[in-house]
Structures are given as structure tokens and as C-alpha cells.
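Examining the three-dimensional arrangement
Residue strings, one per chain:
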Amino acid sequence: MQPLHLRSAGTSLVVSTHRGEAEISHWGADLGETLPDLAILNEPIPPSSADANVPAGLIPQASSSWQGRPGLRGHRVTDGMPGFDFSVRLRVVSATADGNTAVVVQSDPDAGITVTSHLTLHPGGLLELRNAVTNDGTSPFQVDELATVLPVAPDAVELLDLTGRWCRERHPQRHSIQQGTWVRTGRHGRTGHDSSLLFAAGTAGFGNRHGKVWATHLAWSGNHEQFADRVGDGRTMIGGSELLGPAEVLLQPGETYTAPALFAAYSDRGLDGITEAFYSWFRARPHHVAGPRPVVLNTWEAVYFDHNLETLIELAGSAADLGVERFVLDDGWFRGRRNDHAGLGDWYVDESVWPGGLTPLIEAVIAHGMEFGLWVEPEMISINSDIARAHPEWIVGPSASSYKDGGRLPVEWRHQHVIDLVNPDAWQYVFDRIDALLRDNKISYLKWDQNRDLLEHGHSGRASVHQQTLAAYRLFDALREAHPSVEIESCSSGGARVDLGILERTDRVWASDCNDALERQTIQRWTGMVVPPELVGGHIGPSTSHTTARTHDLSFRAITAFFGHFGMEWDVRSVTGAEREELKRFITLYKEHRALIHSGLAVRADAPDESLMVHGVVAPEHDGGIPAGATAALFAVVKTRTSFAEQVGRVSLPGLDPSRTYRVELLFPTPVDADYGHTIIEAQPVSWLASGAEANGRFLGEVGLPMPVLHPEHAILLRLTAF
Ligand code: GLA
């Protein structure tokens, strides 16, 4: 069989089958049309090893003497006895390509196992891999793991992955790739605050805009593992799998288990090339958000649980006056929910707080020309709720019996439990309640929260995170189908559910409960490595952050929120005078520039001074290019702390068209901002500030421009206009 060769946007994927099993012979730089006979790649046989070449299979297998992490682990249960067919020997049955999708079917007739792999190389270079295993035998087959892996080239010697916690999601860590396996495990039953949104292997010192990088993302919102596996012979695989609980997937004859999709990208120009592949894929989806992303006011940090119609109508009026376009009522509106100890599951408007229902508020919001959004947490249940009292058996736990009948409950987390969506009656109840809310009220938007880990998560006494994750996905899908115009945000104690599985069924993620602009710079930079800014909520919080107690200038908070889906989470009734005028100005600036921010290419400079973050968005040059006079790019120069140097010095602005001339000017602060008493720029400005600088993209990228002297925890905003 001829190898399959998929090519797109500078990337080649070669799947060969000449050794009987499918293997990825190359994933990386585009190889052009002609391939040599790939048998020349067969490895030598080292001493004291198997007497055969060992392929790094598409599904790596011990039956080929692969000594790294296997692709498929499982066994057959025959006549009640587990452990049979523990080692399969998959051989290619068919390998075909249609356009840029290859389908490879491999089977072991003796073990009664077939694995089907779909590999699609999308137009922007993003690779999507989906593996599925089918039990062709006559007895049940227990799947313990079906991994999806890719080989990386030997010059990938460093690994970057992300970790975090509540209010500090997606921070990078990096180290050299050593022999052995580096595994990042998520046992949260949700994606997790510490989950690595991307696993990036690269050449020594790879950066934002230099070096070769091979990166993967696992599209799954339940338990999972991501890993880099360097085996004794020096080869390295990266990939991921769903982390299955005991006997969670027991395939009956004829049944199939489909593993979560693995998305992957290769770049020869650093992490920005990886980002470009992901953004291009997101933006080509037919259901990707379209149109201007409305300015949001979320009530959480403004009023918390203190719901009161008069206050909220006032807040809505104040928000509308500023230019807000979507008003989101957060937690606290449903029965019994005066604090976070009660009420989850009782998805009825609390009559004691809202005697007229939500309608008076919704009508006021709509009369102000804004959309109305509502917070829900459909996967959860409070012990202190009518629904838990009526159906104690719907509360998830490790025991077969309900806690009322002596079963054990998992430890509480934010005083709450999980509702068993695998139980069809519980699923239907939740669907009906949210469906009714959406039918009975003019709700355009749901902030869908998920605030706890799934611990000891069982259905009828058996582990069921896998089923619960699928049931939650079904709930999203069914509600979207019933209410296609309602937008959904994925929130999970801030940013604990950010992945491409949830983003297939939601329209934005809440990146973090931390609205501190300094923390947000890092959180948004790394969330934005995969997820485009139109899908990443960023809010201006109160002057003093509620989660870190740091105080920041409005301009720093606004410039930080600017590069996402912009909004506020602040009692804006208290914002008056000059500060209110400045806030209005930022809202206007966002509206003027959101089309560019939400469609452009992300650029992150490799700033040599570690106290600086320089990032921007550049208009893509398609359809005849950017017209003269149009805004071609926006950049933020962010000073995170003091540095050794007295000056910020020259800052290069990469990613521009080298031969095009641009006018660079400060969008913030302008002379008018001086009237607001800004001191972010020291007295002696750089010479180009007065009338702007003109230079071509090559000069701006290679030489850069000197920047004004900036105070730490402040930022300036630059606009580049095309000539
Ligand atoms: C979670 C979310 C917050 C807020 C609260 C409400 O913590 O991340 O944004 O919605 O719940 O209880």
C-alpha cells in the first residue's frame, strides 16, 4: 500500500503501512509532492533487543516490541474470567485518503479487536486525530486506555506544558525532555485548573516566534492524561488519552469506544505558528461566533448573592449608559440561593427575592437595548434543596444505594454535590428546568458553571466519570438544539473547563475568576495560545482586585480586558466623574477595534526584557490586503514589574508585512488622558509620540521603536495604520 500523505499550510503528515501496521513516518515540515520509498526509514536492530525493526505505530503495540506507552490497553472477559486478549496485534485492513482526511482501519481477527483512526489535516495546518476501538468478539472487552499519539522529531528536546490552580490558571512550565515518561494527569472529573491546554515539544530554546514546535491538545472535559514518552531507543511520542476508571468502558460484542480527539499542530516559527493553526480551525467552524462580541456587564463582583430588583435595575441603567450590550445576572437568583450552601438543582426563580419573576429586570435590560444573560450550574445539586429532598438517589456517590439508605457521599466541595446525569430521569429533569427557563424568559445567554471536582463519582455503585462527561455533553447539545440562538459560556470555578470538547458546544470560556490585570496578562496569554480572543472572557474588575487585593489603574485593567471578549464585573454605579469618562472611552475603543481583535493573527514578541510583555493582533492580509488608512494592527506594551534597565528601550513589533509602511501611534494614553491625571508615562516622552512614527514592517520588526518609560503594572496601547 502507498503511504498516505496529507499536506496543508506548511505541514505534512505521512502515514505508512509498509510494515503491516500503520505508523506516522513524518509529522512536521511540508515535504513537497514526492516521497521516497519509506522503507529507507526502517531502524537498525540494536544489540540485546527484538529481532525486528520496531515501528512507532499509530497505535503503539507491545506485539511489535514497542517498549513505550502502549496505544491500547484492555482485556477480554470470557466466561466471567478477565485477562484474555491482553496483547493485540493490529494489522492494516485498509488505509484510504479522501481530500485531507485519512481513514486507517487496523484489526486483530484473533483477538476480535478493530481500531479505526480518522486523521484530518485542516486547511490551516491543524491536525485532528480520532481513534475508536470496536469489540468484534463474542464476549465483553474491557478498554483500560485508548491513547492517541504522535511522533516528534529528535530535535524536539524541550517540553512546555501548562499548570495552575483557582485564580492562576494556565501558567507555563518547561523542562528538557529526558528519557522516560512525563505525564500530566487530570483526576478532577472536569478539565481542571491545572490541566495543560497544550503540550508543546520543541527545539532548544523555542519561543513565541522562533524554533520548531510540535504541540498537542486533548479535546476532553473529564479525567485524562497527557504525556511525552521518550523510549530507550531515543524516539519520542506525545499525546493523550481519557483516564478511564475501573471497568468504565466494558464493550459488549459489536460495541465501540471512541477516544477523545487529539488536536495537534506543527510550527517552524515558534508558538505563534501553533496559535495560528488553532485560530484558523476555530474560525472556520460553521458554528463559530459571528458578529460583534457584545460588551458584557456581569453582576458577580458587583453584588454577589445580594439580589435586589431595584439595585439591579439601577446597575443595568448605569451599565447601559456606559455602552454595555449584554447584562448577565450571576449566581443567587433561584430558590433558596441566598449563599452558596443551598439551592442548586432548584432551577425556579426565587419568589421571595423576585416576586414578579425575572421579567421586570429582563424588561428593563432589554429596554436599555441590552441582551439578558443568566448564570446556571446544571450539573450540580445542593443537599439543602427541594430536588435533593425529593430525589436523594440523584446525588452522585461511590455506593450503589442513596445516602438516605446508608450509601456514602463524596466529600462536599463548595457545599455542593453532583447530580447523576447518567440517570435518565435526573438528566430529563435538568433539561426540562433549563429549557423552561429559556422558553419562559427572554434569555440570550447562559453562563454555565461547574464548580466542583467529581470525586468518588459513581452511578449505581460503579465508576461513571466517563458516562457523566458524555451525559453533560448531551445536555449542552440538546439545549443548544432546542435554543440555537442562545449563546453559552463555559465557566468552571473560573477557568477549570477550557478545552476543545466543551468549546464544541459553547461559545466562550471564562478564563479565570481572577480579574487582577497582572495575573490576567499571563492567564490570557496562555489561554490564547489555543483559544482565540473572541471566545475568552476578560472583564474589568473593581480597582482593587477581590481575589488578590492588588490595586490597578483603570487603563491597565482595560487594556488587559481589551484583547479578549471584553466586559466588566464591577459595581459600575460607583464609577463617576473622570473615571467614568475614561471607562466610556475604553468601551468605545473596544467597539471600534473588536472586529480586528476577533479576526486578526495573534502576535507575541520575544521581548528580551522579562519585565515586558509585548503582544498584539495583526489584520490578516486577505481579499486584496488591508486598505490604506485602515487599522492594520494593535499592540499592547505591558510592563509587569521593574527591571534592571532604566528605560523600556526599543521594542520590536513583529508579525507585520515587511514591505508595507505603517503609522504607529499611541491609542492610550493620548494627551487627553493626561487630563485624567495619568502618571503611567514619565515626564520625558519619546520623540515619536507627538505625531506618530512611520516605518515599514521590516524596520518595526527588526529595529523596533523606543517606548516611553513605563511604571510597573501599567500598559500602553499602540495602533498601527496601514499606508
Ligand atoms: C464560580 C464562577 C464565578 C461566579 C461564581 C458564582 O466561582 O467562576 O464567576 O459565577 O461561581 O457562584
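These figures come from a predicted structure and were not determined experimentally. Residue indices begin from 1 for each chain and proceed along its sequence in written order. Note on the predicted model: pLDDT of at least 70 is required for a residue's local features to be given, and 80 or more for side-chain atom pairs to be given and counted; whole-chain, interface and lining totals, by contrast, use all residues. Only hydrogens and water are removed before side-chain values are computed, so all heavy atoms of the structure are retained for them.

Some details on the nonpolar core
Within this scheme, the nonpolar core is defined by two criteria: the residues are buried Ala, Val, Leu, Ile, Met, Phe, Trp, Tyr or Cys, and they are joined through side-chain atoms within 4.5 Å. Classification of residues uses two cut-offs on accessible area relative to the type maximum, computed with a 1.4 Å probe and protein chains only: under 20% is buried, over 50% is exposed, and between them is partly exposed. Ranked by internal contacts, the top residues of the largest apolar core, which has 187 residues, are Trp333, Met568 and Leu718. For this core, the leading source of residues is helix α6 (residues 424–440), giving eight residues. Throughout, the edges of the domains are those of an automatic or database domain assignment. Both domains that meet at this core, namely domain 1 (4–284) and domain 2 (601–722), each give it at least three residues. Contacts are assigned to residue pairs with any non-hydrogen atoms lying within 4.5 Å of each other. The residues touching tryptophan 333, leaving out its near neighbours within four places in the chain, are His307, Trp347, Tyr348, Val349, Asp350, Trp354, Leu358, Leu374, Trp375, Val376 and Leu437. Membership of the second largest hydrophobic core comes to 16 residues, among which are Leu72, Val115, Val143 and Leu251. Numbering of helices and strands runs from the N terminus; a helix is a DSSP stretch of H or I covering at least four residues, while a strand is a stretch of E covering at least two.

Looking at the domain arrangement of the chain
Interfaces are often sized by the accessible area lost when the parts come together. The domain architecture assigned to the chain consists of domain 1 (4–284) and domain 2 (601–722). Put simply, the middle of domain 1 and the middle of domain 2, counted by C-alpha atoms, are 40 Å apart. Facing eight residues of domain 1, the contacting portion of domain 2 comprises eight residues. The term buried area denotes the loss of accessible surface (1.4 Å probe radius) that occurs when two parts are joined, taken as the sum for both partners. Regarding the contact of domain 1 and domain 2, the summed buried area is about 670 Å², with carbon and sulfur atoms giving 42% of it. Of all residues in domain 1, Asn208, Arg209 and Asp272 give up the largest surface area on contact with domain 2, accounting jointly for 60% of the area buried on that side. Polar contacts, as used here, are pairs of N or O atoms within 3.5 Å; protein pairs need one atom able to donate a hydrogen and one able to accept it. Residues neighboring in sequence count only if both atoms are side-chain atoms. Viewed at the interface, domain 2 and domain 1 are joined by five residue pairs in polar contact (both at pLDDT 80 or more).

Quick word on the pattern of salt bridges
Whenever a carboxyl oxygen of Asp or Glu lies within 4 Å of a side-chain nitrogen of Lys or Arg, that contact is scored as a salt bridge. Counted according to the given criterion, the structure contains 46 salt bridges. A salt bridge links arginine 338 to aspartate 350; the shortest N-O distance between them is 3.0 Å. Separated by twelve residues along the polypeptide, arginine 338 in the loop between β23 (326–329) and α4 (359–367) and aspartate 350 in the loop between β23 and α4 bring together distant segments of the chain. Under the relative-accessibility criterion, arginine 338 is labelled partly exposed at 35%. Residues joined by salt bridges that share partners form a network here, namely Arg19, Glu23, Glu43, Asp233 and Arg235.

Considerations on the packing of helix α8 (residues 517–527) against helix α9 (residues 554–562)
Axis separation between α8 and α9 bottoms out at 9 Å; the angle between their running directions is 15 degrees. In terms of axis orientation, α8 runs roughly parallel to α9. At the point where α8 passes α9, the crossing takes the left-handed sense. Residue-level contacts link Ala517, Leu518, Arg520, Gln521 and Gln524 of α8 to Phe556, Arg557 and Thr560 of α9. Fitting a line to C-alpha atoms yields each axis, with helices limited to the stretch in contact; the angle taken between N-to-C directions then spans 0 to 180 degrees. Here roughly perpendicular refers to angles of 65 to 115 degrees, roughly parallel to angles under 35, roughly antiparallel to angles over 145, and oblique to all remaining angles. Crossings are classed by handedness, with left-handed meaning an anticlockwise turn of the near helix from the far one by less than a right angle and right-handed meaning a clockwise turn.

Regarding the side chain of threonine 506
Its location among the elements puts threonine 506 in the loop between β30 (487–490) and β31 (508–510). For threonine 506, a relative accessible area of 3% corresponds to the buried category.

What to know about the site of the ligand
Being near a molecule or strand, for a residue, comes down to having at least one heavy atom within 4 Å of it. Around the ligand, 13 residues are found, and the nearest of them are Asp330, Asp331, Lys447, Gly494 and Asp513. Between the ligand and asparagine 451 there is a distance of 3.3 Å, counted from an oxygen atom to a side-chain nitrogen or oxygen. Aspartate 513 is positioned with one of its side-chain polar atoms (N or O) 2.6 Å from an oxygen atom of the ligand. A 1.4 Å probe and the Shrake-Rupley method give the accessible areas. Residues count as covered only by the protein chains that appear here. A total of 300 Å² of accessible area belongs to the ligand in isolation, and the protein chains cover 96% of it.

Comments concerning the sheet that holds strand β33 (residues 565–568)
Remark on secondary structure: sheet strands pair via backbone hydrogen bonds, oriented parallel or antiparallel. Pairs of strands are assigned from DSSP output, requiring at least two bridges between the strands. An order of β22-β23-β24-β27-β30-β31-β32-β33 is seen for the eight strands of this closed barrel, with the pairing classed as parallel. On average, each strand axis in the sheet is tilted by 30 degrees relative to the strand beside it, whichever way the strands run. Note: strand β27 (residues 445–448) against β30, four bridges, orientation parallel. Directly across from leucine 446, in β30, lies its bridge partner isoleucine 488.

Let's talk about the sheet that holds strand β17 (residues 224–230)
Taken together, four strands build an open sheet; the order of strands is β11-β18-β17-β14 and the sheet is antiparallel. If you trace the sheet from one side to the other, it starts and ends with β11 (148–152) and β14 (180–186), each paired once. Taking each pair of neighbouring strands and ignoring which way they run, the sheet shows an average axis angle of 15 degrees. As paired elements, β11 and strand β18 (residues 236–242) share five bridges and run antiparallel to each other. For threonine 148, the partnering residue across the bridge sits in β18 and is glycine 240.

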